[in-house]
Amino acid sequence: MAEVVVLESETDAGVLAAASIRRLISQKPEAVLGLATGSTPMPLYRALAESFRTDPLDVSAVRGFALDEYVGLPSGHPESYRAVITRDAVLPLGLTPGNIRVPNGDLATLETAGTDYEAAIRAAGGVDVQILGIGRTGHVGFNEPGSSFASLTRVKTLTEKTRADNARFFDSPDDVPIHCITQGLGTIRRARHLILLAFGEEKAEAIAAAVEGPVTSSSPGSVIQLHPHVTVLVDEAAASRL
Ligand code: GLP
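Residues numbered from 1 in each chain as written. Predicted model: local features only at pLDDT ≥ 70, side-chain atom pairs only at ≥ 80, totals over all residues. Heavy atoms only, no water.

Enquirer: Please provide a residue-by-residue account of the sheet that holds strand β5 (residues 100-101), values included.
Expert: Strand order in the open sheet made by the 7 strands is β1-β10-β9-β6-β2-β3-β5, with parallel pairing throughout. Each edge of the sheet is formed by a strand with only one pairing partner; in this case those strands are β1 (3-7) and β5. In terms of strand pairing, strand β6 (residues 129-132) meets strand β9 (residues 193-198) through 4 bridges, oriented parallel. Within β9, the residue paired with Leu132 across the bridge is Leu196. Most of the contacts of helix α7 (residues 204-212) go to strand β10 (residues 230-235), to which it runs at about 155°, and overall it touches β1, β9 and β10. (Pairing = 2+ DSSP bridges. Helix = DSSP H or I, 4+ residues; strand = E, 2+ residues; numbered from the N terminus. Contact = heavy atoms within 4.5 Å. Axes fitted to C-alpha atoms, helices over the stretch in contact; angles between N-to-C directions.)

Written out as structure tokens, the structure reads:
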């Protein structure tokens, strides 16, 4: 059963999640973090960066694996998830850039990118804590409805709804890539602790389906019900259909 905590604000949720991650790193300086992109994890990254500022902690050995990446964006594109993770998490948290991996969306190496990524996660000893957001379609990472609970890192096609949601980050909706490479639900399940964050009414349905709905691949977030250690941090709006 997931532990669901309803908080007054995104800021409070960020502070709570940051405290849990800080505790992990204090106990295990080479902790492996599963990093997520999107607006949702920002309060967590901000709270963690603030805690490092006020009470420094050596994070030089912390390792990280991003959940997903677009396929085929030119290297260095500001909206590639490599760039986003660097901007939103790696730099503000003072993580060591060389310790952070993002799935490789280059077309030239795509055939082996998924298995290479799985091997790297295994070699690191697995993910200690996976930070997760959830999309309006219920996707986690880029695992859209229909993704197998056993799936590993692989190339997927984005739904039109997700492409439309993410169009705000690009000059034109047509610029949003059609394909992505994402950790699978099977990869995510292997992380030792999942922290799922969601804020706002637009996430209420996806959260209700993930936490209380049937465990089905039509609702990728419901994978959390198969995991022994899950913390769901939501505001009242995102919790409104629970
Ligand atoms: C994106 C990412 C997901 C993220 C989701 C929600 O497409 N691939 O990892 O959880 O959409 O984004 P946001 O947090 O901005 O609502």
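Enquirer: Describe in detail the environment of Ser51, supporting the description with residues and values.
Expert: Mapped onto the fold, Ser51 is located in helix α2 (residues 42-54). Once the C-alpha coordinates of Ser51 and Arg22 are considered, the two residues, 29 residues apart in sequence, prove to be 8.3 Å apart.

Enquirer: Which residues make up the sheet that holds strand β7 (residues 154-157), and what values go with them?
Expert: Here 3 strands make up an open sheet; going across it, the order is β4-β8-β7 and the pairing antiparallel. Because the sheet does not close on itself, it has two edges, and the strands there are β4 (68-70) and β7. Going from strand to strand, the sheet's axes swing by 30° on average, the running direction of each strand aside.

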